[in-house]
Amino acid sequence: MKPKKRKLHKNICVAFARLTRSGELLCRQSSSTEEAKKGGGYVYYMAKSGKEVSPVSAKSLIDMGLVTERNDGLFAGSSQSFAPIPSAEFDAFRQQYEAPQHA
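Residues numbered from 1 in each chain as written. Predicted model: local features only at pLDDT ≥ 70, side-chain atom pairs only at ≥ 80, totals over all residues. Heavy atoms only, no water.

1. What to know about the packing of helix α1 (residues 10–22) against helix α4 (residues 87–98)
Orientation of α1 relative to α4, taken along the N-to-C sense of each, is 170 degrees, at an axis distance of 12 Å. For the element pair α1 / α4, the angle class is roughly antiparallel. Across the interface between the two elements, Cys13, Phe16 and Thr20 of α1 pack against Ser87, Phe90 and Arg94 of α4. Looking at the contact of α1 with α4 residue by residue, the classes come out as 3 nonpolar, 2 polar and 1 charged. (Axes fitted to C-alpha atoms, helices over the stretch in contact; angles between N-to-C directions. Helix = DSSP H or I, 4+ residues; strand = E, 2+ residues; numbered from the N terminus. Parallel < 35°, antiparallel > 145°, perpendicular 65-115°, else oblique. Contact = heavy atoms within 4.5 Å. Nonpolar A, V, L, I, M, F, W, Y, C, P; charged D, E, K, R; others polar.)

So this is what it looks like as structure tokens:
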């Protein structure tokens, strides 16, 4: 049986690269818009520039542990900003994620 291949979605890689290249933090704000529903009830943007980040990509970065909480929320686990992990850790995660999976 041939091993299954999977790739880390390009939009996740692009969002991570944008954060690290610009030295930005990923921020989120609670929202009830249709767009925010895709991101778990949040809209996402970069802290300094204010540029929007795709809610699906941003939520994936958080869920996959590719950004770390800044613990600046009112309650534990409700952070408003996230810093990207070091690039070497991202590369290791991507390599493991994309490694052939045996079914």
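2. Here we look at the sheet that holds strand β2 (residues 42–46)
The strand order across the open sheet formed by 5 strands is β3-β2-β1-β5-β4, and the pairing between neighbours is antiparallel. The open sheet has two edge strands with one neighbour each: β3 (52–53) and β4 (67–69). Bridge analysis of strand β1 (residues 26–30) against strand β5 (residues 81–84) gives 2 bridges, and the strand direction is antiparallel. Counterpart to Cys27 in the pairing with β5 is Ser81. Against the sheet, helix α3 (residues 55–63) touches β1, β2, β3, β4 and β5, its axis set at about 85 degrees to β2. (Pairing = 2+ DSSP bridges.)

3. Some words on the packing of aromatic side chains
Within the structure shown, the criterion is met by 3 aromatic pairs. A ring pair is formed by Phe16 and Phe90, whose centres lie 4.1 Å apart and whose planes are at 10 degrees; its orientation type is stacked. Taken as a pair, Phe16 in helix α1 and Phe90 in helix α4 lie far apart in primary sequence, 74 residues in all. As far as the burial class goes, Phe16 and Phe90 line up, both buried. Taken together, a centroid distance of 5.8 Å and an interplanar angle of 25 degrees make the contact between Phe93 and Tyr97 stacked. You can see Phe93 and its partner Tyr97 sitting in helix α4, 4 residues apart, about one turn around the helix. For Phe93, a relative accessible area of 22% puts it in the partly exposed group. Looking at Arg6, its charged tip hangs above the ring of Tyr97, at a distance of 3.8 Å from the centre. For the cation-ring pair, Arg28 lies above Tyr42, with the distance from its terminal atom to the ring centre recorded as 4.2 Å. (Phe/Tyr/Trp six-rings, centres within 6.5 Å; stacked < 30°, edge-to-face > 60°. Buried < 20%, exposed > 50% of the residue type's maximum accessible area, 1.4 Å probe, protein only. Lys NZ or Arg CZ within 6 Å of the ring centre and 35° of its normal.)

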